[in-house]
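Listed below are the residues making up each chain.
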Amino acid sequence: MRKTVNQRAWLFILPVLVLVAFNAILPLMTVVNYSVQETFGNNEFFWAGLIWFEQVIESPRFHDSLIRQLIFTFSILAIEIPLGVIIALAMPRKGAWVSVCLVLMALPLLIPWNVVGAMWNIFALPDIGLMGYGLNALGFDFNFTRQIGDAWFTLLLMDVWHWTSLVVLLAYAGLVSIPDAYYQAARIDGASSWAIFRYIQLPKMKRVLTIAVLLRFMDSFNIYTEPFVLTGGGPGNSTTLLSIDLVKIALGQFDLGPAAAMSLIYFLIILLLSWVFYTLMMRNEE
Amino acid sequence: MRARRLIPTVYIIFLMLPIYWLLNMSFKTTNEILGGLTLWPQTFTLENYVTIFSDPTWYMGYVNSLIYVSINTVISVAVALPAAYAFSRYRFLGDKHVFFWLLTNRMAPAAVFALPFFQLYSAVGLFDTHLAVALAHTLFNIPLAVWILEGFMSGVPKELDETAYIDGHSFWSFFIRIFMPTIAAGIGVAMFFCFMFSWVELLLAKTLTSVEAKPIAATMTRTASTSGYELGLLAAAGVLTIVPGAFVIYFVRNYIAKGFALGRV
């Protein structure tokens, strides 16, 4: 759409700016403030320069959480995006089934995150949970509170359960926007189903899939409640993702300086990677 | 063709299994839950639900959650409407930067903001009020609402605006009487998403409340830690948190994807 230049449009976005600035800029400045100061309690603060940043960047603990976070995020992207596309391709296009599918699939998205964690915790318990009990009955030695591999398996399965539907819904919306004429033309040309997917469906889904990747990336990088309730970061520190580690340092040990420095580094990483995805997305729109 | 029907069916069964397990447990007594694995409640009981509906510390959790979620939805959509209009119709200094800056707030990890939020809202005297949680959740809901509404508004041709002005409508008269009804579906979707993300968020809601405005999710975590392991009660409370979502989802089923795509399908 052709837009007219109008500087008074700023007045329209003023309420949004005031509210978001109150919620975003003030707390962010607090974090910046803490990140360069040292405190010994009594509300006395001393200038500390960049020592917290150096400390965080060099600390093996931060490296470990970051690596775990990256493994988690890229694993769920590698599973959820293709899986979501496959399910969307197999979904019916018309009829009463569509509504039933959509409503049932969207259900996990609306469950409070701590309930998701609690639900999977109970579901996976080896003694009283259906999944844990079932796996053990099948001969697997499954115990997600003791074994690192099992904890990761449960964590990834939970996230796939929770969020794959988002990808399905987006991919499906992209698919139904393809006019029937495209398929008819492809049939006349004798195109294989792979060719239809590669040259008709995939390009049409490109835009929604970029959004799916962007959303799943941001949300999985921020994930806190579900893994915290499911495993509490354990066994040991094996499932301690960045957010969990951050809350442990900030609210558990009250090390405000290091926690604040870590927050800023963490936020910058998300910002940088999201900016890359965002530019890709906007380029697609043009 | 058979495989095509099989895949969604298997997926939906996978989605329903943990929910079935939760539902199953909510009708059991704690003894039966801890006693062993039963696929169906042997001694069917509604006691867990009775406890929740008769104990104020439980049911007030739901009331509190619903209050702050409603306030948040109203505030977010109300301020997002004019902003989205500005983004969809006008070009102005720094518009693209502001738009991206709004998105960055959607990326902000709640964990980063937990402590500063606690201090900020304590300082302005809003700690433990519904308004505090509602305002805190606007951090990620306003950007989302602006994005969704902007997408829907861009689908409305500009000729509609111009015709209305020629007919003698003032801006606000046009906006409220003509434009808002035109994008009613978009407003509904934006409200649904604000409801949803405010409903499922726990970390900020828990940090900003102690007694008066305590959300149901926080009540659940407390119960899990203090009174031992009352799993049946916990399961029943969990089931009840799914109900509002299941209820509203039905109304927006055809628009959910469009909302997630930020109005851009």
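Residues numbered from 1 in each chain as written. Chains lettered and ligands numbered in written order. Predicted model: local features only at pLDDT ≥ 70, side-chain atom pairs only at ≥ 80, totals over all residues.

(A) Molecular detail of the overall build of chain A. Check the secondary structure of chain A and you find 12 helices and 3 strands. Projected onto its principal axes, the C-alpha positions of chain A cover 75 × 70 × 30 Å. When the 286 residues of chain A are sorted by exposure, 41% land in the buried category. Summarising the internal contacts of chain A: among those between residues at least 6 apart in sequence, 71% fall at separations of at least 24. (Helix = DSSP H or I, 4+ residues; strand = E, 2+ residues; numbered from the N terminus. Buried ≥ 20, exposed ≤ 12 C-beta atoms within 10 Å, placed from the backbone. Contact = placed C-beta atoms within 7 Å.)

(B) Highlighting the overall build of chain B. The helix and strand inventory of chain B stands at 14 helices and 1 strand. Principal-axis analysis of the C-alpha atoms gives chain B an extent of 75 × 60 × 30 Å. Across chain B, the fraction of contacts at a sequence separation of at least 24, relative to all contacts at a separation of at least 6, is 79%.

(C) The packing of helix α3 (residues 60-90) of chain A against helix α9 (residues 193-221) of chain A, seen in detail. Residues and elements named next belong to chain A. Between α3 and α9, the shortest axis-to-axis distance is 10 Å and the interhelical angle comes to 150°. Looking at the two axes, α3 sits roughly antiparallel to α9. Seen from above, α3 lies across α9 with right-handed handedness. Contacts between α3 and α9 involve Q69, F72, T73, I76, L77, E80 and I81 from the first element and L209, A212, V213, R216, F217, S220 and F221 from the second. (Axes fitted to C-alpha atoms, helices over the stretch in contact; angles between N-to-C directions. Parallel < 35°, antiparallel > 145°, perpendicular 65-115°, else oblique. Left-handed = near helix turned anticlockwise from the far one by under 90°.)

(D) Summary view of the interface of chain B and chain A. Counting from both sides, the interface comprises 80 residues of chain B and, opposite them, 74 residues of chain A. When residues of the side of chain B that touches chain A are assigned to their parent elements, the largest contribution, 12 residues, is made by helix α1 (residues 2-26) of chain B. Of the residues assigned to the side of chain B that touches chain A, the class counts are 63 nonpolar, 9 polar and 8 charged. In the sheet, strand β1 (residues 4-5) of chain A pairs with strand β1 (residues 90-91) of chain B via 2 bridges, with the strands oriented parallel. Within the sheet, the bridge partner assigned to A:V5 lies in β1(B) and is B:R91. (Nonpolar A, V, L, I, M, F, W, Y, C, P; charged D, E, K, R; others polar. Pairing = 2+ DSSP bridges.)

(E) Spotlight on the nonpolar core. In terms of nonpolar packing, the biggest core is built from 160 residues, with B:A80 and B:V146 touching the most fellow members. For this core, the leading source of residues is helix α7 (residues 130-154) of chain B, giving 16 residues. (Core = buried A, V, L, I, M, F, W, Y, C linked by C-beta atoms within 7 Å.)

(F) Quick peek at the confidence of the model for chain A. In this model, chain A carries an average pLDDT of 85, and 97% of its residues clear a pLDDT of 70 or more. The secondary structure element of chain A with the lowest average pLDDT is strand β3 (residues 45-47) of chain A, at 75, and the one with the highest is α3(A), at 92. (pLDDT = per-residue confidence, 0-100.)

(G) Focus on unusual backbone geometry. Residues and elements named next belong to chain B. Phi at D128 takes a positive value of approximately 65°, unusual for a residue other than glycine. Inspection of the secondary structure assignment puts D128 in the loop between α6 (110-123) and α7. On the neighbour-count criterion, D128 (15 C-beta atoms within 10 Å) is partly exposed.

(H) Here's a closer look at the packing of α3(A) against helix α7 (residues 148-176) of chain A. Residue and element names in this part refer to chain A. Put simply, α3 and α7 touch, their axes get as near as 7 Å, and they point 45° apart. The angle between α3 and α7 places the two elements in the oblique class. At the point where α3 passes α7, the crossing takes the right-handed sense. Contacts from S75, I76, I79, E80, I81, L83, G84, V85, I87 and A88 in α3 reach L156, D159, V160, W163, T164, V167, V168, A171, Y172 and L175 in α7. Here the residues of the contact of α3 with α7 are counted per class, giving 15 nonpolar, 3 polar and 2 charged.

(I) Seen up close, the environment of B:L160. Relative to the helices and strands, B:L160 is located in helix α8 (residues 159-166). Separated by 22 residues in the primary sequence, B:L160 and B:T182 place their C-alpha atoms 9.8 Å from one another.

(J) Expanded view of the confidence of the model for chain B. All names here are of chain B. Per-residue pLDDT for chain B averages 84, and the proportion of residues at 70 or more is 92%. Within chain B, no element has a lower average pLDDT than helix α12 (residues 216-226), which sits at 67, and none a higher one than helix α4 (residues 56-89), at 91. Across the assembled chains, the prediction reports ipTM 0.85 with pTM 0.87.

(K) Broad picture of the environment of B:D55. Residue and element names in this part refer to chain B. Structurally, D55 is set in the loop between α3 (47-54) and α4. A tally of 13 C-beta atoms within 10 Å means that D55 is categorised as partly exposed. Linking D55 and G155, residues 100 residues apart in sequence, is a C-alpha distance of 49 Å.

(L) Representation of α7(A) in the model. The end-to-end C-alpha separation of α7(A) is 42 Å, in line with the 42 Å expected for 29 residues at 1.5 Å each. Of all the bends in α7(A), the greatest measures close to 40° and is centred on A:W163. (Expected span 1.5 Å × (residues − 1). Bend = angle between axes of the 7 residues up to and from the residue.)

(M) Just α9(A), in detail. Over its 29 residues, α9(A) extends only 35 Å from the first C-alpha to the last, a length that falls short of the 42 Å expected when each residue adds 1.5 Å. Of all the bends found along α9(A), the most pronounced is centred on A:K206 and spans about 50°.

(N) Layout of the environment of A:P126. Examined against the element boundaries, A:P126 turns out to sit in the loop between α5 (113-124) and α6 (130-137). As for A:P126 and A:R68, which are separated by 58 residues in sequence, their C-alpha atoms are 25 Å apart.

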